[in-house]
Amino acid sequence: MAIEGAGGERDQDWLATLNAWGPPHLGGDWARPAMWRLLQLAVEEPVLRALFPWTSMNVLHVSVTGDFRDYSGEPFPAIAASTTDSS
């Protein structure tokens, strides 16, 4: 899950997002560990990694522009972090 040699703006945003949600997590906090796991998986996905990440509550959003305030024309999904098994 490491982003070695991160050089681009997108990589820097992914690193900042990973660092913001990373351990240590407080006991009883389900959202931060769940988001941390989601981010670890997302950063390994090349399609998602090519986009800019931003988070809101327990939701990961991705954007082409890198400006989370200007994404209205983008068809990208938001992915919620959860501890619930949806299978």
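Right above here is the structure, for reference.
As the structure is a computational prediction, the values presented were derived from the model and not from experiment.

K.L.:
Explain the sheet that holds strand β2 (residues 59–63) to me, using residue names and the numbers behind them.
P.N.:
Strands pair in a sheet through their backbones, by hydrogen bonds, and they do so in one of two ways: parallel or antiparallel. Taken in spatial order, the three strands line up as β1-β2-β3 in an open sheet, and their pairing is antiparallel. Looking along the sheet, the strands with just one partner apiece sit at the ends: β1 (52–56) and β3 (78–80). Put simply, the sheet's adjacent strands are angled 25° from each other on average, direction ignored. Two elements, β1 and β2, share five bridges in a ladder whose sense is antiparallel. Looking at the pairing, Phe52 lines up with Ser63 of β2. Along the sheet face, helix α1 (residues 9–21) touches β1 and β2 and points at about 30° away from the line of β1. Contacting β1, β2 and β3, helix α2 (residues 31–43) crosses the sheet at an angle of about 30° to β2.

K.L.:
Explain the packing of aromatic side chains residue by residue, including any values.
P.N.:
For the structure shown, the criterion picks out zero aromatic pairs. Directly above the ring of Trp21 sits Arg32, whose terminal nitrogen or CZ lies 4.7 Å from the centroid.

K.L.:
Break down the environment of Trp54 for me, citing the residues and quoting the values.
P.N.:
Within the element layout of this structure, Trp54 appears in strand β1. C-alpha of Trp54 to C-alpha of Asp13: the two residues are 41 residues apart in sequence and 8.2 Å apart in space.

K.L.:
Any details on the environment of Trp21? Residues and values, ideally.
P.N.:
Tracing the chain through its elements places Trp21 in helix α1. The buried category is assigned to Trp21, whose relative accessible area is 11%. C-alpha separation for the pair Trp21 and Met35, spaced 14 residues apart in sequence, amounts to 6.9 Å.

K.L.:
Which residues make up the packing of α1 against α2, and what values do they have?
P.N.:
Between two packed helices, the angle of one axis relative to the other and the distance separating the axes together describe the packing. Running from N to C, α1 and α2 cross one another at 155°; their axes reach a closest spacing of 9 Å. As summarised for this structure, α1 and α2 are arranged roughly antiparallel, according to the angle between their axes. The crossing of α1 and α2 is left-handed. Contact residues: α1 offers Trp14, Thr17, Leu18, Ala20 and Trp21, while α2 offers Ala31, Arg32, Met35, Trp36, Leu39, Gln40, Ala42 and Val43. Looking at side-chain class alone, the contact of α1 with α2 contains ten nonpolar, two polar and one charged residues.

Cut-off values and rules
Residues numbered from 1 in each chain as written. Predicted model: local features only at pLDDT ≥ 70, side-chain atom pairs only at ≥ 80, totals over all residues. Heavy atoms only, no water. Pairing = 2+ DSSP bridges. Helix = DSSP H or I, 4+ residues; strand = E, 2+ residues; numbered from the N terminus. Axes fitted to C-alpha atoms, helices over the stretch in contact; angles between N-to-C directions. Contact = heavy atoms within 4.5 Å. Phe/Tyr/Trp six-rings, centres within 6.5 Å; stacked < 30°, edge-to-face > 60°. Lys NZ or Arg CZ within 6 Å of the ring centre and 35° of its normal. Buried < 20%, exposed > 50% of the residue type's maximum accessible area, 1.4 Å probe, protein only. Parallel < 35°, antiparallel > 145°, perpendicular 65-115°, else oblique. Left-handed = near helix turned anticlockwise from the far one by under 90°. Nonpolar A, V, L, I, M, F, W, Y, C, P; charged D, E, K, R; others polar.

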